[in-house]
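Notes for the structure review
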Amino acid sequence: AQSVTQLDSHVSVSEGTPVLLRCNYSSSYSPSLFWYVQHPNKGLQLLLKYTSAATLVKGINGFEAEFKKSETSFHLTKPSAHMSDAAEYFCVVSDRGYSTLTFGKGTMLLVSP
Amino acid sequence: NAGVTQTPKFRILKIGQSMTLQCAQDMNHNYMYWYRQDPGMGLKLIYYSVGAGITDKGEVPNGYNVSRSTTEDFPLRLELAAPSQTSVYFCASTEGTFYEQYFGPGTRLTVT
C-alpha cells in the first residue's frame, strides 16, 4: 500500500525568504513521486517529478525536491519565495504496478509582503 | 491542443437528481481518472480507466458510475445526488502509470 503525509497543513513565509514544504511517503515498491501546485479555483499543475533517476529534482518556477530513501521523504524547497507562489501544494506517490496516484492532504503556502 | 476539458464548470443539483459530468482529452492517453476534492482532504480517486472498455473503482466510488466507450471520453454519472457529493470534481489523463497526470479545470458541484 502507498500513502503520503504532508507534515504541515499551512506554511507562512515572507517574500524573498526560503520555502520548505515537507512530505513523507510510504511505499511497497520503488515509488515515483510528484509535487503538484493548485492556485485558487484552478486545476492542478505539475511542479516536478522523481522517477528513480537523480535524487535532486528541479522543477518549474525555481522549485526543487530531494528524494531521500532512508528518510522516506520528498521535501519541496525554493530559495526565495515570490508572491505568486501562494497556492496549495500536493505531494503525490505512485507505486510500481499501480495505475493510480495517492495524494497528500495538501499544504497551503501563504506568502506575505 | 485543448488538453483535458470538463463540462460543466458549475452545477447546482437538488437531492435525488442525477447528472453526468463530461470529460474529454485530445492527447490520445489511455489512462483517465476522476477525483473529488473536499476542503483539507486532498484529492480522492473515484474511478479510473486504463483504456476504452476498461474501468475500475478507486477509493470513493459509491454513488457514482463511469463508462469508457472511446479513448477520448470518460463521463462520470451521479445517480440520486446527495449533499455528501457536494465537491469539486477533477478529471485527469496520462500516457502511463509513472507519467505526469494532466488535469482538467474542474467542475464545482453543489447538492442542496
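The structure this text deals with has already been given above.
Being a predicted model, the structure only gives us computed values, none of them experimental. (Residues numbered from 1 in each chain as written. Chains lettered and ligands numbered in written order. Predicted model: local features only at pLDDT ≥ 70, side-chain atom pairs only at ≥ 80, totals over all residues. Heavy atoms only, no water.)

**Describing the overall build of chain A**
The number of helices and strands found in chain A is zero helices and 12 strands. Against the globule reference of 13 Å for 113 residues, chain A gives a C-alpha radius of gyration of 13 Å, in line with a compact fold. Every one of the 113 residues in chain A was classed for burial, and the buried ones make up 45%. The long-range share in chain A, meaning contacts at least 24 apart out of those at least 6 apart in sequence, stands at 57%. Accessible surface, chain A as shown: approximately 5,400 Å² in total, 52% of it carbon and sulfur. Computed over 9 positive and 8 negative side-chain charges, the separation of the two mean positions in chain A equals 6 Å. (Helix = DSSP H or I, 4+ residues; strand = E, 2+ residues; numbered from the N terminus. Rg over C-alpha atoms; globule rule 2.2 N^0.38 Å. Buried < 20%, exposed > 50% of the residue type's maximum accessible area, 1.4 Å probe, protein only. Contact = heavy atoms within 4.5 Å. Areas by Shrake-Rupley, 256 points an atom, 1.4 Å probe, with all protein chains shown as cover. Lys, Arg positive; Asp, Glu negative; His and termini not counted. Charge placed at Lys NZ, Arg CZ, Asp CG, Glu CD.)

**Digging into the interface of chain A and chain B**
Across the boundary between the two partners, chain A contributes 24 residues, which contact 21 residues of chain B. Scanning the region where chain A abuts chain B turns up zero salt bridges. Run the count over chain A and chain B and you get three residue pairs in polar contact (both at pLDDT 80 or more). For the side of chain A that touches chain B, the secondary structure elements donating two or more residues are strand S5 (32-38), strand S6 (44-50) and strand S10 (87-94) of chain A. Ranked by residues supplied to the side of chain A that touches chain B, first place goes to S5 of chain A with four residues. For the side of chain A that touches chain B, the per-class residue count stands at eight nonpolar, 10 polar and six charged. (Salt bridge = Lys/Arg side-chain N within 4 Å of Asp/Glu carboxyl O. Polar contact = N/O pair within 3.5 Å; in protein donor to acceptor, adjacent residues only side chain to side chain. Nonpolar A, V, L, I, M, F, W, Y, C, P; charged D, E, K, R; others polar.)

**Things to note about the pairing of strand S4 (residues 31-37) of chain B**
Residues and elements named next belong to chain B. Of all seven residues that make up S4, seven are buried, and the element is covered over most of its length. Neither face of S4 is exposed, since Tyr 31, Tyr 33, Tyr 35 and Gln 37 on one face and Met 32, Trp 34 and Arg 36 on the opposite face are all buried. As paired elements, S4 and strand S9 (residues 87-94) share seven bridges and run antiparallel to each other. Looking at the pairing, Gln 37 lines up with Val 88 of S9. Inspection of the sheet shows S4 paired to strand S5 (residues 43-51) by six bridges, in the antiparallel sense. Bridge pairing links Arg 36 to Lys 44 in S5. Where S4 folds back onto S5 in an antiparallel hairpin, the turn is made up of five residues, including Gly 40, whose phi is positive at roughly 75°. (Pairing = 2+ DSSP bridges.)

**Quick notes on the packing of aromatic side chains**
All names here are of chain A. Taken as a whole and judged by the stated rule, the model has 14 aromatic pairs over all chains. Their ring planes at 40° and their centres at 6.2 Å tell us that Tyr 36 and Phe 103 sit as a pair that is tilted. Taken as a pair, Tyr 36 in strand S5 and Phe 103 in strand S11 (residues 102-103) lie far apart in primary sequence, 67 residues in all. Here Tyr 36 and Phe 103 have matching classes, each one buried. (Phe/Tyr/Trp six-rings, centres within 6.5 Å; stacked < 30°, edge-to-face > 60°.)

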